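Inside the fold
Next come the chains, spelled out residue by residue.
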Amino acid sequence: MPSQQEPFQHEIIGRVVDGSLSRGLEIKLESSISIEDINNGTYVVIQGKHNRFVAMVTDLSLGAADQTLKFSLPDMSDPLIREIITGSLTYNSLSVRPGKILPAVRGDQSDTTEARTIPEFFSPVFRASQDDMESIFGKENENNFFIGHPLDMDTKICVDPRQLIKRSCGVFGRSGTGKTFLARLLMIGVLQHTEASSLIFDMHNEYGESGQDNDRGGAVSGLKTLFPGQVSIFTLDEKSSKLRKARYDEVVKIGYSDIEPEDIESLTQTLNLSDVAASIPFTLKNRFGNKWFKRLVEVEGTAASDLASELEVQPQAMRALRNRLLRLTRFDFVDENPQYNSLERLLDKLKDGMHVVLEFGRHGNDLTAYILVANLLTRRLHNKYRELTEESDADSGAGPKPLVICIEEAHRFLAPGIASQTIFGQIAREDRKFNITLMVIDQRPSGIDSEIMSQIATRISCLLNDERDVDAVLSGSPNSRELKSVLSRLNSKQEALFFGDAIPMPILIRTRTYGDDEHYSDLTSPAWKTGHQSSSCDKDANRDLDALFGDR
Amino acid sequence: MRNLLDRPIAEVIEANIETFKAQCYELYKSPPLGSLVKAGDIPVYGIVIDIATEGLDPSRPIAARGFSATTEQEIYTQNPQLMELLCTKFRAIAVGFSRDNLLIQGYPFEPPRIHAFVHECLSDELSDLSSNPDFIHLLLQHPEVKDEILTASIISISKQTNNREAFLVRAGKTLAIELTGQMSRLNAILRKLKQ
């Protein structure tokens, strides 16, 4: 049986010597293998008696068979003594977590299965090969988007974007660790491999025309540049777009009548409103309908007191509310009577399957503007998609095309106190039913409500420094203890831990490079489209042919 | 060289499963401490753990004779009978036996016979022993084997093997595992081995 043979072409790096299904396995490394050649987060394959297990290295340790060794050190400067002691009294071990069982026969295309057993004692352990990785994570093709490489090999790690957007996903990481690069890549995956449309709240103008590469300096192409036919840029700040010489398709204007009391409620913290003041807009809306905002900001002097007594609300609270809301009227995208309904145009684009980048221009630095617009738009989308789903249910249809809403600074919308009130909290919890999911991008995941966090099915995390953030990202993950040791040792650049529903096993990846013409053409014309795909098997075959026949 | 090795150097005069004692045919011509010897037609292999020279007749105590001599050699020249009255004996601990021309490590199923010829070992027999240093376990278990004897034995075998370094590493690793929990003892042996 092929499954019972050790894959002789690979070097045995160790043997299973301890462990359990719940704790993971301990592998004693062969003395010929230096522990420094194994990285935390890499993959190994364990050849059991009947199964081939794939496992992730979650810890590395040094051990001594003789506990008195450290008190009575041999002369390790002598090469002979060093060689004698190494591997006999001292040993290196790996802690690994088996995740999947590979098909019994190498190269078999059948699916991997979840590991519900563990390999026998002394089963040999190998480094995972390119074929093994492809068996688990799939090849780059029309279904799978290439997102990065494992740490120690050049195999392409792929993710199925349709799985990614089935439920909400999150990209986390400290500032400057490459969240935006990753999110941009993921959005390209969604754009290329799914029917979904997307709305990106682009706080810092990094997704549309071009973005900044702070490490290498200069600009990198945005989604509109790479996929002009599928991406539409809406701007809230026409002046900034012009200054940046950035193309845009529409200028968004928000009318007074577009602003809802719920939008003000979500600004309670940002505008420093009291609970009493935050509830007044609901009273105003009951009384004046869609004109409530106009009515409030235009009322002055004694008329304000009269209005307060008419509505039976505290005059001071209403005055405070009015003063704060006057700030909103100073935004140049807030217009009393916009000439056209830009929000409807935006919704139409999304309904048509376009990907919309909403640039905030200079308003990106103003949290009030960001929260207001994001809430306002998302609420409308939510209502629209709810209607569309209900209509489609009535016709027994498949519902509207999926929509992904990409928000940065997500903890501002999903903090424990307000997650239950904001529309984003509701979407994270239940809008999968209406085909809307979130892609949250955040550097403070500990600030996100734990109930919302549990709904984020796929998580991609770059380096996080704060332990609370690490705990928050890993909360609910079955292997959180092991993954914590991996996550806390990421490089600050281009490395991310990927785990959750959309990926078969947690994996540490080097993010795919993004930023020059060659990489752009790989993105816009991937190998599976152009037919120039060369898998690792093809490369091996070519190398063998070259070895046989020389230069052909 | 072959002829020299073919000639017996001693004869077994005492034997049990664990050890055998042999009397050398020539005075002071014992194999060195720690060396590998074989006894009998179906050989039992042993490692020399003790060497002694004594009078043949235990009832005749040996007396000093060098009062008028100036060198040690002169004593033997002036007293030629000494060469007949004295004899050199050595004791070896059994570490293996021969079966189908292979050296199997471990105690033999029966000890060598009395008067069995004792030969020094050939290099291929040494390489059989050195490829698998299980004999170290036997030596360590034997109460008469001191660490010095063990070290001498390992050094002696290492000098006669083709790949001295590799043998010392194998022997050292076996020792390290056998002496787990006795780091200072292990360190003392390893220090001698590297010399």
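The residue count restarts for each chain, going from 1 along the sequence in the order it is written. In the order they appear in the text, chains get letters beginning with A and ligands get numbers beginning with 1. Residues qualify for local features only when their pLDDT is at least 70, as the model is predicted, and side-chain atom pairs are given and counted only at 80 or more; totals for whole chains, interfaces and linings, by contrast, use all residues. For side-chain calculations, the full set of non-hydrogen atoms in the structure is used, while hydrogens and water are omitted.

Details of the overall build of chain B
Under the DSSP-based scheme used, a helix requires at least four consecutive residues in state H or I and a strand at least two consecutive residues in state E, with every element numbered from the N terminus. Within chain B, the regular secondary structure consists of eight helices and seven strands. By residue count, 45% of the 195 residues in chain B fall in the buried class. Considering only contacts within chain B whose residues lie at least 6 apart along the sequence, 68% involve residues at least 24 apart. Surface accessibility follows the Shrake-Rupley procedure with a 1.4 Å probe radius. Residue values consider only the protein chains on display as shielding. Surface exposure of chain B reaches about 10,800 Å², of which carbon and sulfur atoms provide 52%. Think of it this way: Lys and Arg go in the positive column, Asp and Glu in the negative one, and His and the chain ends go nowhere. Here the site of a charge means atom NZ of a Lys, CZ of an Arg, CG of an Asp or CD of a Glu. For chain B, the distance from the average site of its 20 positive side-chain charges to the average site of its 24 negative ones is 5 Å. Exposure classes here rest on a 1.4 Å probe applied to the protein chains alone. A residue is buried below 20% of its type maximum, exposed above 50%, and partly exposed in between. Here, residues are in contact when the closest pair of their heavy atoms is within 4.5 Å.

Structural notes on the interface of chain A and chain B
Counting residues at the interface gives 18 residues for chain A and 18 residues for chain B. In short, buried area is how much 1.4 Å probe accessible area vanishes from two parts on joining, totalled over both. Buried area between chain A and chain B, both sides added, is near 1,400 Å², and the carbon and sulfur share of it is 68%. Basic side-chain nitrogens of Lys or Arg form a salt bridge, by our definition, when they fall within 4 Å of a carboxyl oxygen of Asp or Glu. Applying the counting criterion to the chain A and chain B interface returns zero salt bridges. Polar contacts, as counted here, are pairs of nitrogen or oxygen atoms within 3.5 Å of one another; within protein the pair requires one atom able to donate a hydrogen and one able to accept it, and residues that are adjacent in sequence qualify only if both atoms are side-chain atoms. The interface formed by chain A and chain B holds five residue pairs in polar contact (both at pLDDT 80 or more) in total. Residue polarity is assigned by list, with Asp, Glu, Lys and Arg as charged and Ala, Val, Leu, Ile, Met, Phe, Trp, Tyr, Cys and Pro as nonpolar; anything else, Gly included, falls into the polar class. Considering only residue class, the side of chain A that touches chain B consists of nine nonpolar, five polar and four charged.

Describing helix 19 (residues 517-524) of chain A
The periodicity of an α-helix, 3.6 residues per turn, causes residues three or four places apart in sequence to face the same way. All names here are of chain A. Burial in helix 19 covers these residues: H519, Y520 and L523. All buried residues of helix 19 project into a common sector of 100° when viewed along the axis, lining one side. More than 90 degrees from the buried face of helix 19, the exposed residues found are D517 and E518. Considering only its buried residues, helix 19 is in contact with strand 8 (145-150), helix 4 (179-193), strand 13 (219-221) and helix 5 (223-226). For this quantity, the arc is that covered by the directions from the helix axis to the C-beta atoms.

Let's talk about the pattern of salt bridges
Residue and element names in this part refer to chain A. The tally for this structure, following the rule as stated, stands at 33 salt bridges over all chains. Between R52 and D132 there is a salt bridge, with its nearest N and O atoms 3.1 Å apart. Of this pair, R52 sits in strand 4 (residues 52-64) while D132 sits in helix 2 (residues 130-137), and the two are 80 residues apart along the sequence. Taken individually, R52 and D132 each receive the classification buried, so the pair is uniform in this respect. The residue D160 makes a salt bridge to R162 at a minimum N-O spacing of 3.2 Å. Looking at R162, the relative accessible area reads 38%, which means it is partly exposed. One connected set of salt bridges, linked through shared partners, spans R444, D466, R468 and D469.

Comments concerning the packing of aromatic side chains
Residue and element names in this part refer to chain A. Each Phe, Tyr or Trp ring, with Trp reduced to its six-membered ring, pairs with another whose centre is within 6.5 Å; inter-plane angles below 30 degrees give stacked pairs, above 60 give edge-to-face pairs, and intermediate values give tilted ones. Counted according to the given criterion, the structure contains ten aromatic pairs over all chains. Between F201 and F424, the aromatic rings sit 6.5 Å apart at their centres with planes inclined by 80°, giving edge-to-face as the arrangement. Taken as a pair, F201 in strand 11 (residues 197-202) and F424 in helix 15 (residues 423-430) lie far apart in primary sequence, 223 residues in all. An aromatic cluster is defined as three or more aromatic residues linked by ring pairs; in this entry it consists of Y256, W292 and F293. Should the NZ of a Lys or the CZ of an Arg lie within 6 Å of a ring centre and within 35 degrees of the ring normal, that charge is described as sitting over the ring. Taking the ring centre of F146 as reference, the NZ or CZ of K156 above it sits at 5.0 Å. The cationic tip of R184 hangs over the ring face of F181; the distance from NZ or CZ to the ring centre is 5.0 Å.

Quick notes on the packing of helix 7 (residues 164-178) of chain B against helix 8 (residues 183-193) of chain B
All names here are of chain B. Orientation is described by axes fitted as lines to C-alpha atoms, over the contacting stretch for helices, and by angles from 0 to 180 degrees between their N-to-C directions. It is at 11 Å that the axes of helix 7 and helix 8 come closest, and there the two elements cross at 175°. Judged by the inter-axis angle, helix 7 sits roughly antiparallel to helix 8. On helix 8, the residues that touch R164, L168, G172, L175 and A176 of helix 7 are L186, I189, L190 and L193. Residue composition of the contact of helix 7 with helix 8, grouped by class: seven nonpolar, one polar and one charged. To sort the angles, those under 35 degrees are grouped as roughly parallel, those over 145 as roughly antiparallel, those from 65 to 115 as roughly perpendicular, and the leftovers as oblique.

Describing the pairing of strand 10 (residues 169-172) of chain A
Residues and elements named next belong to chain A. A two-sided burial pattern is seen for strand 10, the buried positions comprising C169 and V171 on one face and G170 and F172 on the other. Only strands joined by at least two bridges in the DSSP assignment are considered to pair. The pairing of strand 10 with strand 20 (residues 436-442) spans four bridges and is classified as parallel. Paired with V171 across the bridge in strand 20 is I441. In terms of strand pairing, strand 10 meets strand 21 (residues 458-461) through four bridges, oriented parallel. Counted as the bridge partner of C169 is T458 from strand 21.

Structural notes on the pairing of strand 5 (residues 86-99) of chain B
Put simply, side chains in a regular strand alternate between the two faces of the sheet. Residue and element names in this part refer to chain B. Across the 14 residues that make up strand 5, a large majority, 13, are buried. Strand direction decides the pairing type here: strand 2 (residues 19-24) and strand 5, joined by five bridges, are antiparallel. By the bridge assignment for strand 5, F20 is matched with A92. Here eleven bridges tie strand 4 (residues 44-55) to strand 5, and the two strands are oriented antiparallel to one another. When the sheet's bridge partners are listed, D50 is paired in strand 5 with R91. Relative to strand 6 (residues 102-105), strand 5 runs antiparallel, the two being bridged by four bridges. From the neighbouring strand, S98 faces strand 6, where its bridge partner is L103. Between strand 5 and strand 6, which pair antiparallel in sequence order, lie two residues; one of them, D100, sits at a positive phi of approximately 50°.

A word on the confidence of the model for chain A
pLDDT is a per-residue confidence score from the predictor, ranging from 0 to 100. Overall, the prediction assigns chain A a mean pLDDT of 83, with 92% of residues at 70 or greater. Across residues 1-9 of chain A, confidence stays below pLDDT 50; counting only partners more than four residues off in sequence or on other chains, it has 18 contacts.

A word on empty space enclosed by the protein
With a probe scaled to a water molecule rolled over the atoms, the places where space remains empty come into view. Residue and element names in this part refer to chain A. Two kinds of site are reported from a 1 Å grid over the protein atoms alone, namely cavities, where a 1.4 Å probe fits but cannot get out, and pockets, open sets with protein on both sides within 12 Å along at least five of seven lines, and residues are called lining when an atom falls within 4 Å of a point. Grid points are joined across faces, edges and corners, and a volume is the space filled by probe spheres set on the points. Per the counting criterion, the structure on display carries two cavities of 30 Å³ or more. Approximately 60 Å³ is the volume attributed to the largest cavity. Lining of the largest cavity is provided by L296, V299, A304, S305, A308, P315, M318, R319 and R322. Broken down by secondary-structure element, the contributors of at least two residues to the lining of the largest cavity are helix 10 (301-311) and helix 11 (315-329).

Topic: the environment of L36 of chain B
All names here are of chain B. Here L36 lies in strand 3 (residues 36-39). Looking at L36, the relative accessible area reads 5%, which means it is buried. Excluding its chain neighbours within four sequence positions, the residues that come into contact with L36 are Y45, G46, I47, V95, E120, C121, E125, L126 and L129.

What to know about the sheet that holds strand 22 (residues 495-500) of chain A
Residues and elements named next belong to chain A. Taking strand neighbours across the sheet as the criterion, the twelve strands line up as 9-8-23-22-21-10-20-19-11-18-14-15 in an open arrangement whose pairing is mixed. Taken across any chain shown, the strands that pair with only one partner, and hence form the sheet edges, are strand 9 (157-159) and strand 15 (250-251). Bridging between strand 14 (residues 231-235) and strand 15 involves two bridges; their strand directions are parallel. Looking at the pairing, F234 lines up with E250 of strand 15.

Remarks on unusual backbone geometry
Its identity is not glycine, yet Q494 of chain A carries a phi of approximately 60°, on the positive side. Examined against the element boundaries, Q494 of chain A turns out to sit in the loop between helix 18 (480-487) and strand 22.

Let's talk about helix 8 (residues 275-288) of chain A
Residues and elements named next belong to chain A. One fewer than the residue count of a helix, multiplied by 1.5 Å, yields its expected span. Counted at 1.5 Å a residue, the expected span for helix 8 with its 14 residues is 20 Å, and the 21 Å between its end C-alpha atoms agrees. Of all the residues in helix 8, the buried ones are A277, A278, I280, P281, L284 and F288. On an axial view of helix 8, the arc spanned by its buried residues comes to 135°, and they lie on one face. Structural note: helix 8 exposes D275 and N286 on the side pointing more than 90 degrees away from its buried face. Elements that come into contact with the buried residues of helix 8 comprise helix 7 (261-265), helix 9 (292-298), helix 10 and helix 11. In the segment just after helix 8, G289 is the residue with positive phi, at about 65°.

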